[in-house]
Amino acid sequence: MPFLTLAEAELSWGDMPLLDHASLSIEPGERIGLIGRNGTGKSSLLQVLAGLEKLEGGELTQQDGLHAVYLEQEPRLDENLTLRDALIARGALAAIADERDRWERLAKLDEYLDRLALAGEALTQTASGGERKKAALALALSLEPDLLLLDEPTNHLDVDSILQLEAILKSEYRSGRSLMVITHDRAFLDSVVTRILELDRGILRSYPGNFAAYEARKTEELAAEEIERRRFDKFWAQEEVWI
């Protein structure tokens, strides 16, 4: 059974359609790369899936109790706190009522801070863009969602951090947990994703495999379209001669 299904979805920005009767299904264990030109609505789609933005038409259905976590491109953190305390505030971890659950969640946060080689005691206001991004990723991963939605997660990260993030996602987001990611990092897409979802003029198209497989498939599609166009042109040229 799919984690989540989008049917005949409609969403616009002014007069420009972002989703034009678009459909989508996310199965458990998928790692999906969402691609498309800038401004096509990729971030808006993630926000819809996270429940942060409403559709103008169509239907979004999901499994009961599905836990989705969305990480925006530029995470907002409290400048007056250490990175760790800012993450605790962002994730409302101190408000977890059960003491054991709260302790386990904080322990998970510390685990991912360590795995991403980040000192939680550093001050947020002096942290670099890469440190802020790693901190926000540590929190998102520590929440252990069923569906993780990442918007440009490799921005500001160094190569070692990207490789560590790839390893975490490939290890932990399979079988019963899923991932959807927006990124311009083709190497990341080739390493991590199991399906490419292309958003083009409001329409979603799905391609199995990583980005390299998507490129090969698109090349075949374009070649087939060119052959069909030439056949069409030849047909009309013959018709004009007959007329």
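Everything numeric in this text was worked out from a predicted model, so none of it was measured.

**What to know about the packing of helix α4 (residues 129–142) against helix α5 (residues 159–172)**
Relative orientation and spacing of two packed helices are given, respectively, by the angle between their axes and the distance between those axes.
Next, step 1: Taken N-terminus to C-terminus, the directions of α4 and α5 make an angle of 10 degrees; their axes are 12 Å apart at the nearest point. Between α4 and α5, the angle is such that the two are roughly parallel. Residues Lys134, Leu137 and Leu141 of α4 pack against Ser161, Leu165, Ile168 and Leu169 of α5.
Next, step 2: Split by residue class, the contact of α4 with α5 holds five nonpolar, one polar and one charged.

**Here we look at the sheet that holds strand β4 (residues 57–62)**
Next, step 1: The sheet built from three strands is open, its strands ordered β2-β1-β4 with antiparallel pairing. Of all strands in the sheet, those with a lone pairing partner are β2 (16–26) and β4, marking the two edges. In this sheet, adjacent strand axes meet at a mean angle of 25 degrees when their direction is disregarded.
Next, step 2: Pairing of strand β1 (residues 4–13) with β4, which is carried by five bridges, proceeds in the antiparallel orientation. Looking at β4, one finds that leucine 4 is bridged to glutamine 62.
Next, step 3: Its contacts with the sheet place helix α1 (residues 42–49) against β1, β2 and β4, and it is angled at close to 130 degrees to β1.

**What about the sheet that holds strand β3 (residues 31–35)?**
Next, step 1: Read from one edge of the open sheet, six strands run β5-β6-β7-β3-β8-β9, paired in mixed fashion. One side of each edge strand has no neighbouring strand; the edge strands of this open sheet are β5 (68–71) and β9 (203–208). Averaged over all pairs of adjacent strands, the angle between strand axes in this sheet comes to 15 degrees, irrespective of strand direction.
Next, step 2: Judged from the six bridges that link them, strand β8 (residues 195–200) and β9 form a sheet pairing that is antiparallel. Within β9, the residue paired with aspartate 200 across the bridge is isoleucine 203.

Criteria and cut-off values
Residues numbered from 1 in each chain as written. Predicted model: local features only at pLDDT ≥ 70, side-chain atom pairs only at ≥ 80, totals over all residues. Heavy atoms only, no water. Axes fitted to C-alpha atoms, helices over the stretch in contact; angles between N-to-C directions. Helix = DSSP H or I, 4+ residues; strand = E, 2+ residues; numbered from the N terminus. Parallel < 35°, antiparallel > 145°, perpendicular 65-115°, else oblique. Contact = heavy atoms within 4.5 Å. Nonpolar A, V, L, I, M, F, W, Y, C, P; charged D, E, K, R; others polar. Pairing = 2+ DSSP bridges.

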